[in-house]
Amino acid sequence: MAVGMQWIGDHLPEILRYAASHAALAGLPLLVGLAIALPVGWLARRQPRLAGLIVGGSGLLYTIPSLALFILIPLLLGTRILDPLNVYVAMTIYTLALLVRTVVDALGSVPEATRAAATAMGYRGLGRLVAVDLPLAVPVLASGLRVAAVSNVSIVSVSALIGYPQLGSYLTDGYQRDYPLEIGVGIVGCLLLALLFDLAIRGGERALTPWLRVGR
Amino acid sequence: MLTSIWAWLTDPASWSGRDGIPTRLVEHLLYSVVALVLAAAVALPLGAWIGHSGRARWLVTAANAARAVPSLGLLFVVAMLAGPRIRGDFAYVVPSLVVLVLLAVPPLLAGAESGVRAVDPAARDAAYGMGMRAREVLLGVELPCALPLLLSGVRAATLQVIATATIAASVSLGGLGRYLIDGLAVSDYAQMAGGALLVAALALAVDGLLALVTRYAVSPGLGGISGKRGGRSGVARRMPAAPTVGRLSHGSEPS
Amino acid sequence: MAVGVPGYRHGMIRFERVTKSYAARPARGAGSAAGDRNAPTVAVDELTLDVPAGQVTVLVGPSGCGKTTTLRMVNRMIEPTSGTITLGGRDTATLDPAELRRGIGYVIQHAGLFPHRTVADNVATVPRLLGWDRRRSRARALELLERVGLDAALADRYPSQLSGGQQQRVGVARALAADPPVLLMDEPFSAVDPVVREQLQDELLGLQADLGKTILFVTHDIDEAIRLGDQVAVLRVGGRLAQVDSPARLLADPADDFVADFVGRDRGYRALGFRDALPIQPTPEPTVPLGADVGQARATATDRWLLVVDEAGRPVGWVEPERLTGAVSRDDLHRGGTVARRDGSLRALLDAALSAPSGRGVLVDEQGAFVGTVTAAQVTAALAAPAVRPGGIPDGGGHAVDR
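Peer 1: So what exactly am I meant to see when it comes to the sheet that holds strand S11 (residues 287–289) of chain C here?
Peer 2: Within a sheet, each strand pairs with its neighbour through backbone hydrogen bonds, oriented either parallel or antiparallel. Residues and elements named next belong to chain C. Within the open sheet, the 3 strands sit side by side as S11-S12-S13. Their pairing is mixed. At either margin of the open sheet sits one strand with a lone partner, and together these are S11 and strand S13 (315–319). The average angle at which neighbouring strand axes cross in this sheet is 35°, direction not considered. Taken together, the 4 bridges between strand S12 (residues 306–309) and S13 define a ladder with antiparallel strand orientation. Opposite Leu-307, over in S13, you have Trp-318 as the bridge partner.

This is the structure:
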């Protein structure tokens, strides 16, 4: 136990560095993915014929196992295999695949009566989207975002097999050196990071939906 | 780059022997199927019971939370702990199989639970009220109505298993993941990419198959996740003869 | 035609001191604020009631009066805590529950149709459970769909494709499929809108006139109870029987304040629905056919209003001859005024008289042909005469005369 704590103490700067890059590799695609998923999902709702294609297509992308995608992306992008851009692109694709469905559901969760009232009061398309639809869609969006965040944290760790430095590296190193503590650090680190993301998203959700907190 | 991948894929040597594509494909499918069947044997009845009785809901929440554990980490831990204790050929298979089963349980559990919970309580009440026995209600009403969500859980579990079986090659499991891991070890991109394409194709094919199964197994009367939603018909009812007291009629229809 | 399950062709249900109580929940900690939680909840309290064969008995009361619990004890969806329920003379507790239920039709709110089966398959459920072959079951299903007023084209649709009213009709058809002598109906029409509800009530009365089932019907709506019931049992909160009587007697003579309150206001007016109008003689009235010219109309009229009929002699509306600009057409018609049947109730006749612009209510015969008019004064004069149709159960009276 004492040896373990010693090891952690010695490696703390590295652990934090890896955690930071892990957070970036998992978190940035969340933001970018959401930014892309919002207009795509909105489009899917307006054009029901496209909707089938869009939702089906994203479902298809999500089906591809993560390691396979990490290996195939350099082919598409023409990058070297160790370029971290590969991971960002792959993670964004996964996030997008998950979130498009979520955005469609979230926008659909806004009561029809509310939307009609907003339009009747004089809101135009984009204005209504920003002022009415999106705020009311936040709960469902946040729930999907949390799922995507946890999924992302787990998938990023797989990229350790290719050699990207993040918390997953402790998993591979620990296995190679037969050092279970290191694997433990990797696992716990991922769990903590996933928890942090979860709390952050919940916090953001609370901040954006004050009307759900009042009363009773 | 593409040409070397194509060369690898079409090379007859890639298709023969212990490391050949057919062998690896079969291995991959075998591990996946066995893991799914074992997980389903536990998770489906348990999930159905939780959905039916409404108790022990926390099991589903806990299982879902457990999905946060990185699968790679789980593989390594189990391999390290259990590997040395098992002798013989199965030393490499058992740890990975255990992890595959563990990872397949949460989506199957959630799918079964939400599926059974989604069964219309009025339909269930009517089923008992008409004289169906418990087994008849389960098989004739609850299971068919739970099918859409249940099958979506099966699909999620299958994808999870196929993906994890791929990375399990790093703990010496066979299957298509071998090409990715071995290719990585010797920097043979053609092998890596070829293997990746095969894995992707397998995942898409299996998921497509399950989508077809869902389409045909699920009654068209159930909307939602799968199946076509029947449109509302505008068929007018035939009304009975005019009631005794009526408004002064406009004299038109006998109604 | 009658199939049923052997043993209870005589569909009389009898409750003998039936009680249902639920055990107390254990109090959490001392001094729980929710009062004495140790007392058991009594849903039905020593209920003794006869449900006669071939009649509609309605259980009515406010929330918590145990009406649904009572109903569900008949087919043992809920087991009584004490007391006996007999069906056709046989104690239901001695019968196998599933077999018991296959001989009882069960209609619930929201229909409870199986969403994964077609309409026809839904209706054929109990016959199939009883072992009928596919062809016979399907034929029976189609026959019943027609009987409840549904187009045969709906047979192979799914419940999600039907409207609420249509689904409820399928629910009734499904309950009748194996021709059970007894029907249990738990607020079957509460979930549909009022217009559809009235149609469904009419159709149920029509079906009952044909089939003569023993029906136990639960509702919270006193008007529905009065309209449908041959016998109405009013239950109070806590599951005690307050009064059981024919609808006419319930309106005329409520047993206590609770029943009086529950039955509501307008009791006198509603009771008119049970009084026969036959003693009233319709007054002859001049009429003109559609298309008659202005001159004829003005010559025929005796005052400001003139009645117009169609080629079959059916009344279509009133016109004001002074206002006519050409031949009498549909656009000139004043559509106020209900039409009552000559053999209807005093209530219907009074309504016709009150709503007619001329003050003369239009009366028709069974074929809908015009027979004469009635004034409000004539109706109130008839009220003074004691011409109450006997409202007792044995001779099958006590129905609302206006259907």
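This is not the end of the story, as more comes after the structure.
Peer 1: Quick question: what am I supposed to make of the nonpolar core here?
Peer 2: Nonpolar side chains tend to gather and get buried jointly when the protein is soluble and globular. Counting 231 residues, the largest nonpolar core has Ala-104 and Leu-108 of chain B together with Leu-349 of chain C as its most contacted members. With 15 residues, helix H7 (residues 134–167) of chain B is the single largest residue contributor to this core. Domain assignment of the residues forming this core places at least three in each of domain 1 (13–22 + 40–103 + 180–274) and domain 2 (287–384) of chain C. If sequence neighbours within four positions are ignored, Ala-104 of chain B has contacts with Ala-35, Leu-36, Ala-39, Ala-157, Gln-160 and Val-161 of chain B.

Peer 1: Is there a simple way to explain the domain arrangement of chain C in this structure?
Peer 2: Interfaces are frequently sized by the accessible area removed from exposure as the parts join. As assigned here, chain C comprises domain 1 (13–22 + 40–103 + 180–274) and domain 2 (287–384). The C-alpha-based centres of domain 1 of chain C and domain 2 of chain C are spaced at 41 Å.

Peer 1: Can you walk me through the interface of chain B and chain A in this structure?
Peer 2: Counting from both sides, the interface comprises 29 residues of chain B and, opposite them, 30 residues of chain A. If you list the elements that add at least two residues to the side of chain B that touches chain A, you get helix H4 (71–82), H7, helix H8 (177–185) and helix H9 (189–217) of chain B. For the side of chain B that touches chain A, the leading source of residues is H9 of chain B, giving 10 residues. Looking at side-chain class alone, the side of chain B that touches chain A contains 23 nonpolar, 4 polar and 2 charged residues.

Peer 1: For this particular structure, what's the right way to read unusual backbone geometry?
Peer 2: Glycine aside, negative phi is the norm for most residues, and most peptide bonds take the trans geometry. We note that Ser-172 of chain B has phi near 75°; this positive angle belongs to a residue other than glycine. With respect to the helices and strands, the residue Ser-172 of chain B is situated in the loop between H7 and H8. When the 15 C-beta atoms within 10 Å are taken as the criterion, Ser-172 of chain B is described as partly exposed. Even without being a glycine, Ala-111 of chain C presents a positive backbone phi close to 60°. As for its placement among the helices and strands, Ala-111 of chain C is situated in the loop between strand S6 (104–108) and helix H3 (119–123).

What counts, and where the lines are drawn
Residues numbered from 1 in each chain as written. Chains lettered and ligands numbered in written order. Predicted model: local features only at pLDDT ≥ 70, side-chain atom pairs only at ≥ 80, totals over all residues. Pairing = 2+ DSSP bridges. Helix = DSSP H or I, 4+ residues; strand = E, 2+ residues; numbered from the N terminus. Axes fitted to C-alpha atoms, helices over the stretch in contact; angles between N-to-C directions. Core = buried A, V, L, I, M, F, W, Y, C linked by C-beta atoms within 7 Å. Buried ≥ 20, exposed ≤ 12 C-beta atoms within 10 Å, placed from the backbone. Domains from an automatic or database assignment. Contact = placed C-beta atoms within 7 Å. Nonpolar A, V, L, I, M, F, W, Y, C, P; charged D, E, K, R; others polar.

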